[in-house]
Amino acid sequence: MQSTTSQEFIAAMRTVASSVSVVTTDGDAGRYGATVSAFCSVSANPPTVLVCLNAASTIAAKVSDNRAFCVNVLPDHASYIADRFAGRHDTFIQDRFEGMDVTGPDFGPVHGLAGATSLQCQLAQAVMEGTHLICIGRVTQIALGSEMPLTYLAGQYQTSVPTKAAMP
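Residues numbered from 1 in each chain as written. Predicted model: local features only at pLDDT ≥ 70, side-chain atom pairs only at ≥ 80, totals over all residues. Heavy atoms only, no water.

1. Structural notes on the pairing of strand S3 (residues 32-36)
Here is step 1 of the chain: One ladder, built from 5 bridges, connects strand S2 (residues 21-25) with S3; its direction is antiparallel. Bridged to Thr 25 within S3 is Tyr 32.
Here is step 2 of the chain: Counting the residues between successive antiparallel strands, the hairpin from S2 to S3 contains 6 residues, one of them, Gly 27, with a positive phi of roughly 155°. (Pairing = 2+ DSSP bridges. Helix = DSSP H or I, 4+ residues; strand = E, 2+ residues; numbered from the N terminus.)

Right, here's the structure in full:
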């Protein structure tokens, strides 16, 4: 069996479009948020999702300690929010939430971001794999946002463009 290098894997994954989401958490361990690209549904019964967080990151530690998180799938016009929570403004702001509209759904300790499709989750399980913590969350509340998500492909933010199926 041939082994794949991490560079080959990264190059392949750059060809896969994914929605851009911000994971937020709040609780005894404190409030924090980070942009993630690895988010997907797991099950509809019970409603369950997963996010993959770098195990050495602040967001992984806070989600683990708070035992709750919110996945905010960003609308197509919110690249500035993605940049903020990706840490691109950390050199000149103290708090990633500073100046952000967090008047989205109030799910208790964890707030959704305005305009995003937000899924409030209780941490059901966390599994280490390689460098990442796979956080499996049971969805407890949902707020629908924009139907057109911000996407990421080939190292750039993209917007989705609906197409009609080609006729044979």
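There is more to say, and it comes next.
2. Some points on the packing of aromatic side chains
Here is step 1 of the chain: Applying the stated criterion across every chain yields a total of 2 aromatic pairs.
Here is step 2 of the chain: Ring geometry for Phe 85 versus Phe 97: centroids 5.1 Å apart, planes at 75°, classification edge-to-face. Placement of Phe 85 in helix H3 (residues 79-85) and of Phe 97 in the loop between H3 and strand S7 (117-129) is noted, with a sequence separation of 12 residues between them. Residue Phe 85 shares its accessibility class with Phe 97, and that shared class is buried.
Here is step 3 of the chain: The interplanar angle of 65° and the centroid separation of 5.6 Å between the aromatic rings of Tyr 152 and Tyr 157 together place this pair among those described as edge-to-face.
Here is step 4 of the chain: Against the face of Phe 97 rests Arg 31, its NZ or CZ located 4.1 Å from the ring centre. (Phe/Tyr/Trp six-rings, centres within 6.5 Å; stacked < 30°, edge-to-face > 60°. Buried < 20%, exposed > 50% of the residue type's maximum accessible area, 1.4 Å probe, protein only. Lys NZ or Arg CZ within 6 Å of the ring centre and 35° of its normal.)

3. Considerations on the sheet that holds strand S10 (residues 156-159)
Here is step 1 of the chain: Read from one edge of the open sheet, 3 strands run S1-S9-S10, paired in antiparallel fashion. The open sheet has two edge strands, strand S1 (18-19) and S10, and neither has a second partner.
Here is step 2 of the chain: Alignment of S1 against strand S9 (residues 150-153), held across 2 bridges, turns out to be antiparallel. Paired with Ser 18 across the bridge in S9 is Tyr 152.

4. Brief notes about the side chain of His 89
Here is step 1 of the chain: Summarising the element assignment, His 89 is placed in the loop between H3 and S7.
Here is step 2 of the chain: Discounting chain neighbours no more than four positions away, the residues touching His 89 are Tyr 80, Asp 83 and Arg 84. (Contact = heavy atoms within 4.5 Å.)

5. Some words on the environment of Ala 114
Here is step 1 of the chain: If you trace the backbone, Ala 114 turns up in the loop between H3 and S7.
Here is step 2 of the chain: Look at Ala 114 and you get partly exposed, because its relative accessible area is 27%.
Here is step 3 of the chain: A C-alpha to C-alpha distance of 9.0 Å links Ala 114 and Asn 72, two positions 42 residues apart in sequence.

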